[in-house]
Amino acid sequence: VHLVESGGGLVQSGGSLRLSCAASGFTFSSYAMSWYRQAPGKERELVAGISSDGGSTNYADSVKGRFTISRDNAKNTVSLQMNSLKPEDTAVYYCYAATTGWTRVYSYWGQGTQVTVSS
């Protein structure tokens, strides 16, 4: 199983970035996908999530109206469009896949991509 994030980098406050996560090794269309982030000294937090069919999304209050999560089940990718970035968005962003089986949750993490927003 592989989840490979890309698209991170350094951007000025107010700018935009688009993160992508390429998945392989599992049935992507059966998994809900999420983006989490972890800033230095802070706990990892949920940023946005999308259902397996893409029909439902949810966002942290701190990013509502600025970030958009989407997925392409034909290409096994999930993206996070981040607009109006703020310095407090600086963190390592992780892609996360999860689905519920009969007796357990199956989940996978990517390695993370750094996003740095300068003021």
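Just so it is clear, the model here is predicted, and its values are computed rather than measured.

Draft legend 1. Representation of the pattern of salt bridges in the model. Following the criterion strictly, the structure yields 4 salt bridges and no others. A salt bridge links Arg 37 to Glu 45, with the shortest nitrogen-to-oxygen separation between them at 2.7 Å. Residue classification places Glu 45 among the partly exposed residues on the basis of a relative accessible area of 35%. Note that Lys 64 and Asp 61 form a salt bridge whose closest N and O atoms lie 3.1 Å from each other. Several salt bridges converge on common partners, so that one network encompasses Arg 37, Glu 45, Arg 66 and Asp 89.

Draft legend 2. Region of interest: the packing of aromatic side chains. Taken as a whole and judged by the stated rule, the model has 8 aromatic pairs. Ring geometry for Phe 26 against Tyr 31: centres 4.7 Å apart, planes inclined by 65 degrees, an arrangement best described as edge-to-face. The exposure classification of Phe 26 matches that of Tyr 31, with both residues buried. Grouping aromatic residues by their ring pairs yields a cluster made of Phe 26, Phe 28, Tyr 31 and Tyr 108. Note that Arg 44 overlies the ring of Tyr 94, its terminal NZ or CZ placed 3.7 Å from the centroid. Lying across the ring of Trp 109, Arg 44 places its NZ or CZ 4.5 Å from the centre.

Draft legend 3. Quick peek at the pairing of strand S11 (residues 113-118). Of the two faces of S11, only the one carrying Thr 113, Val 115 and Val 117 is buried; Gln 114, Thr 116 and Ser 118 on the other face are not. Note: strand S2 (residues 9-12) against S11, 4 bridges, orientation parallel. Bridge assignment links Gly 9 to a residue of S11, and that residue is Val 115. Relative to S11, strand S9 (residues 91-100) is paired through 3 bridges, and the arrangement is antiparallel. Each bridged residue has a counterpart across the sheet, and for Val 92 the counterpart in S11 is Gln 114.

Draft legend 4. Seen up close, unusual backbone geometry. Notably, Asn 76 is not glycine yet its phi reads approximately 55 degrees, a positive angle. As for its position among the elements, Asn 76 is in the loop between strand S7 (67-72) and strand S8 (77-82). Of the residues examined, Asn 76 reaches a relative accessible area of 25% and is grouped as partly exposed. The residue Ser 84 is not glycine, and still its phi comes out positive at about 50 degrees.

Draft legend 5. Structural detail: the environment of Ser 30. With respect to the helices and strands, Ser 30 occurs in the loop between strand S3 (17-24) and strand S4 (32-38). Spatially, the C-alpha atoms of Ser 30 and Asn 73 are 9.3 Å apart, while their sequence positions differ by 43 residues. With residues up to four places along the chain from it excluded, the contact list for Ser 30 reads Ser 52 and Thr 99.

Draft legend 6. Representation of the nonpolar core. The biggest cluster of nonpolar side chains holds 29 residues, and the ones touching the most others in it are Met 33, Trp 35, Val 78, Leu 80, Met 82 and Tyr 93. Among the elements of the structure, S3, S4, strand S5 (45-50), S7, S8, S9 and S11 are those that each provide at least two residues to this core.

Draft legend 7. Main features of the side chain of Asp 89. Tracing the backbone shows Asp 89 in the loop between S8 and S9. A polar contact is formed between the side chain of Asp 89 and the backbone nitrogen of Lys 86, at a distance of 2.8 Å. If sequence neighbours within four positions are ignored, Asp 89 has contacts with Arg 37, Arg 66, Phe 67, Ser 84, Val 115 and Val 117.

Rules of the game
- Residue numbers here run from 1 along each chain, matching the order of that chain's written sequence.
- Residues qualify for local features only when their pLDDT is at least 70, as the model is predicted, and side-chain atom pairs are given and counted only at 80 or more; totals for whole chains, interfaces and linings, by contrast, use all residues.
- Side-chain numbers come from the whole structure's heavy atoms, not from hydrogens or water.
- For salt bridges, the criterion is a side-chain nitrogen of Lys or Arg within 4 Å of an Asp or Glu carboxyl oxygen.
- Exposed residues in this analysis have more than 50% of their type's maximum accessible area, buried residues have under 20%, and partly exposed residues fall in between, with area computed by a 1.4 Å probe over protein chains only.
- Ring pairs are drawn from Phe, Tyr and Trp, using the six-membered ring of Trp, whenever the two centres fall within 6.5 Å, and their geometry is named by plane angle: stacked under 30 degrees, edge-to-face over 60, tilted for the rest.
- Two conditions define a charge sitting above a ring: the NZ of Lys or the CZ of Arg must be within 6 Å of the ring centre, and it must be within 35 degrees of the ring normal.
- Helix and strand labels come from DSSP, where a helix needs a run of H or I of at least four residues and a strand needs a run of E of at least two; each type is numbered from the N terminus.
- When DSSP locates at least two bridges between a pair of strands, those strands are taken to pair.
- When checking whether two residues touch, look at their non-hydrogen atoms; a contact exists if any pair is within 4.5 Å.
- Side-chain atoms within 4.5 Å link the members of a nonpolar core, which is a set of buried Ala, Val, Leu, Ile, Met, Phe, Trp, Tyr and Cys residues.
- Polar contacts, as used here, are pairs of N or O atoms within 3.5 Å; protein pairs need one atom able to donate a hydrogen and one able to accept it. Residues neighboring in sequence count only if both atoms are side-chain atoms.

By themselves, these observations are geometric and do not establish any function.
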